[in-house]
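Coordinate analysis (summary)
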Amino acid sequence: MKTYEAVFILDERQFTDGGEAFAESIVQRVEKSGGRVLRKDPMGRRQFARPIRKQKAGIYWDFVLEMDPDEVAPLKEAYRLDNSVFRAVVFLYEGPELD
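To keep things clear, this report deals only with the structure shown in the data block. Computed from a prediction, not measured in an experiment: that's the story for all the values here. Along each chain, residues carry numbers from 1 onward, in the same order as the chain's sequence is written. Residues qualify for local features only when their pLDDT is at least 70, as the model is predicted, and side-chain atom pairs are given and counted only at 80 or more; totals for whole chains, interfaces and linings, by contrast, use all residues. The side-chain values count all of the structure's non-hydrogen atoms but skip hydrogen atoms and water molecules.

With that settled, the discussion passes to the overall build of the chain. Summing up its helical and strand segments, the chain has two helices and four strands in all. Helices and strands in the chain line up, N terminus first, as β-α-β-β-α-β. With the radius of gyration taken over C-alpha atoms, the globule rule is written as 2.2 Å times the number of residues to the power 0.38. For the chain, whose C-alpha radius of gyration is 13 Å, the value lies close to the compact-globule estimate of 13 Å for 99 residues. On the principal axes, the C-alpha backbone points of the chain span a range of 40 × 25 × 25 Å. Any two residues having at least one pair of non-hydrogen atoms within 4.5 Å are treated as being in contact. Sequence separation of at least 24 residues holds for 74% of the intrachain contacts in the chain that already meet a minimum separation of 6. Exposure was quantified through the Shrake-Rupley algorithm and a 1.4 Å probe, taking into account, for residues, occlusion by the shown protein chains and nothing else. Total accessible area on the chain is roughly 6200 Å²; 47% of this is exposed by carbon and sulfur atoms. Positive charge is attributed to Lys and Arg, negative charge to Asp and Glu, and no charge count is given to His or to the chain ends. In plain terms, the charge of a residue is placed at NZ if it is Lys, CZ if Arg, CG if Asp and CD if Glu. Here the chain holds 16 positive side-chain charges and 18 negative ones, and the gap between their average locations is 10 Å. Secondary structure is summarised from DSSP: a helix means a run of H or I of at least four residues, a strand means a run of E of at least two, and numbering begins at the N terminus for each.

Structural data, given as structure tokens:
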């Protein structure tokens, strides 16, 4: 198991709860694949430097996940075609020790 950080940018028009339901779906998906969520932080609404899909802002969520490296690609692929997700990026976590 490795520790990863995942950042998702959500279309604010698709979520009335600030993305809480989306965050819970991420937690369930990670736990179903045998991993665990160490931290989930709503980063709020932020303006973009350049429009994405003609939108000027989005809702940011930051997750720190512990999961099998083989499960990272399916996680990214699951949200790549989701219209409510503008961007999904997953990379190795290099922050302070969590737990």
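After that view, the rundown keeps rolling.
Okay, the packing of helix α1 (residues 20-32) against helix α2 (residues 72-80) next. Each axis is a line fitted through C-alpha atoms, taken for helices only over the stretch in contact, and angles between the N-to-C directions span 0 to 180 degrees. The geometry of α1 relative to α2 is characterised by a closest axis approach of 12 Å and an angle of 150 degrees between their N-to-C directions. Like other packed secondary-structure pairs, α1 and α2 cross with a definite hand, here right-handed. Across the interface between the two elements, Phe22, Ser25, Ile26 and Arg29 from α1 touch Pro74, Leu75, Ala78 and Tyr79 from α2. Here a crossing is called left-handed whenever its near helix is offset anticlockwise from the far helix by less than a right angle, and right-handed whenever the offset is clockwise.

In this section: the sheet that holds strand β3 (residues 55-67). Only when DSSP finds a minimum of two bridges between them are two strands counted as paired. A sheet is described by the order of its strands in space; here four strands give the open sequence β2-β3-β1-β4, paired in antiparallel fashion. Either end of the sheet is taken by a strand with one partner, and the two such strands are β2 (36-52) and β4 (85-92). Taking the axes of each pair of neighbouring strands and ignoring which way they run, one obtains an average angle of 20 degrees across the sheet. Here α1 sits on the sheet and contacts β1 (2-10), β2, β3 and β4; the angle it forms with β2, its principal contact strand, is near 135 degrees.

For the rest of this paragraph, the subject is the packing of aromatic side chains. Pairs were defined over the aromatic rings of Phe, Tyr and Trp, the Trp ring being its six-membered one, requiring ring centres within 6.5 Å. Orientation was assigned from the angle between planes: stacked under 30 degrees, edge-to-face over 60, tilted for the rest. In this structure the tally under the stated criterion is eight aromatic pairs. Three or more aromatic residues link up through ring pairs in this structure, and these residues are Phe8, Phe15, Phe22, Trp61, Phe63 and Tyr79. Counting as a charge over the ring demands two things of the Lys NZ or Arg CZ atom: a distance within 6 Å of the ring centre and an angle within 35 degrees of the ring normal. Its guanidinium or amino end placed over the ring of tyrosine 60, arginine 46 lies 5.7 Å from that ring's centre, counting from NZ or CZ.

Among the residues of α2, those classed as buried are Val72, Leu75 and Tyr79. All buried residues of α2 lie within an arc of 65 degrees about the axis, which places them on one face of the element. What points out from α2, more than 90 degrees from its buried face, is the exposed set Ala73 and Arg80. Where α2 is buried, its residues touch β1, α1, β3 and β4. Only protein chains enter the accessibility calculation, which uses a 1.4 Å probe; a residue whose area is less than 20% of its type maximum is buried, one above 50% is exposed, and one in between is partly exposed. Of all possible arcs, the one meant is that of the directions from the helix axis to the C-beta atoms.

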